[in-house]
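# Reading the structure
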Amino acid sequence: MLLSTARLNRIVRLYPAARVAVVQCGVRNLAISQAAAPFGLFYAPDPSSQIACTIGGNVAANSGGVHRLKYGLTLHNVLGLRVAMADGTLLEVGGEALDGPGLDLLALIVGSEGTLGIVTEVTVRLLPRPTVAQVILASFPDVASDANAVSAVIAAGLILRLCVACGGTVTGEHGVGVEKLDAMCQQFGAAELDAFAAIRRAFDPQALLNPGKAIPTLHRCAEFGRMHVHGGQLAFPHLPRL
Ligand SMILES: Cc1cc2nc3c(=O)[nH]c(=O)nc-3n(C[C@H](O)[C@H](O)[C@H](O)COP(=O)(O)OP(=O)(O)OC[C@H]3O[C@@H](n4cnc5c(N)ncnc54)[C@H](O)[C@@H]3O)c2cc1C
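Conventions adopted
Residues numbered from 1 in each chain as written. Predicted model: local features only at pLDDT ≥ 70, side-chain atom pairs only at ≥ 80, totals over all residues. Helix = DSSP H or I, 4+ residues; strand = E, 2+ residues; numbered from the N terminus. Buried ≥ 20, exposed ≤ 12 C-beta atoms within 10 Å, placed from the backbone. Contact = placed C-beta atoms within 7 Å. Pairing = 2+ DSSP bridges. Near = placed C-beta within 6 Å. Nonpolar A, V, L, I, M, F, W, Y, C, P; charged D, E, K, R; others polar. Domains from an automatic or database assignment. Axes fitted to C-alpha atoms, helices over the stretch in contact; angles between N-to-C directions. Arc of directions from axis to C-beta. Core = buried A, V, L, I, M, F, W, Y, C linked by C-beta atoms within 7 Å.

### A word on the overall build of the chain
Tallying secondary structure elements over the chain gives nine helices and seven strands in all. Taking all 242 residues of the chain together, the buried fraction comes to 26%. Residue pairs in contact within the chain that sit at least 24 positions apart in sequence constitute 56% of those at least 6 positions apart.

Given below as structure tokens:
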């Protein structure tokens, strides 16, 4: 079954005084800042896809762009969610105030890539537009050396592993999706992967939501580990070998 949120594209409410907007999940990221601009406000998370991506997708992937260095990711700029659960019930998480009653499930649902529920409405925090913006540039003598520098970083194959080794996360930019599924094995241990699977089962026992979105199994992590045995050192020694 394919579910389209394209018509959930309405900005429901915008309260300039409270610096809050309530938007449906199909509203584009940039459209929020455009609606807030006449009030001197903006929505901080700015993934490069912001002209086209939706706030629902941003919540699913916990997206962020260059603004994240100062303002954080989607999680840090979302106050509340309305979520349709796998069994059809509606869940309200958080709200328009800074601290709401009940369990704080925002951090659980933001970044869950549609596996725990379908986000239908999002309450976002708006911020005053900065009066000054400064750009920091790394300059290269020509386009080719610029492109070569990027290619060299990628070719080194270190990026994600280095991020984890330095205390970062494989989802520092973009979500997990399919491409970074194996990278989850680098960051998370067996107990954490088990916990992810248990949370997913609790929210969606029949695995109806986003069925192609997998949490890596120990089997997969062990296989991935075997592919990266270097200098006699076994990767992921804590995982059972098959
Ligand atoms: C050109 C380009 C540049 C990008 N730049 C960045 C960047 O700078 N930083 C960054 O973090 N990411 C970036 N991304 C990836 C970014 O995370 C996505 O573009 C965006 O956040 C996803 O929103 P979307 O509306 O496109 O969602 P989709 O791609 O349509 O969906 C993404 C995932 O979210 C799920 N989903 C979508 N809507 C909902 C919903 N309402 N409820 C539950 N689940 C939902 C989908 O099932 C899917 O699994 C970029 C992508 C592109 C194509």
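Alright, that's what it looks like, and here's the rest.
### Topic: the pairing of strand 1 (residues 11-15)
Taken across its five residues, strand 1 has zero buried, putting it largely on the surface. Bridge count between strand 1 and strand 2 (residues 20-24): four bridges; the pairing is antiparallel. Across the sheet, the residue bridging to Tyr15 is Val20, located in strand 2. Connecting the antiparallel pair strand 1 and strand 2 is a turn made up of four residues, with Arg19 showing a positive phi of about 55°.

### Let's talk about the site of the ligand
The immediate surroundings of the ligand are formed by 24 residues, with Pro47, Gly56, Gly57, Ala60 and Gly114 found nearest. Listed by contribution, the elements that provide at least two residues to the shell around the ligand are helix 2 (55-61) and strand 6 (118-125). When residues in the shell around the ligand are grouped by element, the largest group, five residues, is from helix 2. In terms of residue class, the shell around the ligand is made up of seven nonpolar, 14 polar and three charged. Split by domain, the residues of the shell around the ligand number at least three in each of domain 1 (11-128) and domain 2 (143-226).

### Quick look at unusual backbone geometry
Backbone geometry at Ala207 places phi at a positive 55°, although glycine is not the residue there. With respect to the helices and strands, Ala207 occurs in the loop between helix 8 (190-203) and helix 9 (218-226). Unusually for a residue other than glycine, Asn210 sits at a positive phi of about 45°. Among the structural elements, Asn210 can be located in the loop between helix 8 and helix 9. Residue classification places Asn210 among the partly exposed positions, given that 18 C-beta atoms sit within 10 Å.

### Observations concerning the environment of Gly168
Within the fold, Gly168 resides in the loop between helix 6 (159-165) and helix 7 (183-187). Take Gly168: there are 12 C-beta atoms within 10 Å of it, and that puts it in the exposed class. Taking the C-alpha atoms as reference, Gly168 lies 9.0 Å from Gln187; in sequence the two are 19 residues apart.

### What to know about the sheet that holds strand 1
Overall, antiparallel pairing links the five strands, which are arranged 1-2-6-4-5 in an open sheet. Edge strands, defined here as strands with exactly one partner in the open sheet, are strand 1 and strand 5 (90-94). Strand-to-strand twist of the sheet, defined as the mean angle between neighbouring strand axes without regard to direction, takes the value 10°. Taken together, the five bridges between strand 2 and strand 6 define a ladder with antiparallel strand orientation. Opposite Val23, over in strand 6, you have Val122 as the bridge partner.

### Quick word on helix 1 (residues 29-36)
Among the residues of helix 1, those classed as buried are Asn29, Ile32, Ser33 and Ala36. Mapping the buried residues of helix 1 onto a view down its axis gives an arc of 95°, with all of them on the same face. Buried residues in helix 1 make contact with strand 1, strand 2, strand 3 (41-42), helix 2 and strand 6.

### A closer look at the nonpolar core
Nonpolar side chains in soluble globular proteins generally cluster together in the buried interior. Judged by nonpolar contacts, the single largest core of 27 residues is most densely connected at Ile32, Val59, Leu81, Val122, Val124 and Leu126. Of all the secondary structure elements, the ones that give two or more residues to this core are strand 2, helix 1, strand 3, helix 2, strand 4 (78-84) and strand 6. Apart from the residues lying within four places of it in its own chain, the contact partners of Leu81 are Val59, Val93, Gly94, Leu106, Ile109, Val119 and Val122. The next biggest cluster of nonpolar side chains, apart from the first, holds six residues, and it includes Val170, Ala183, Cys185 and Cys221.

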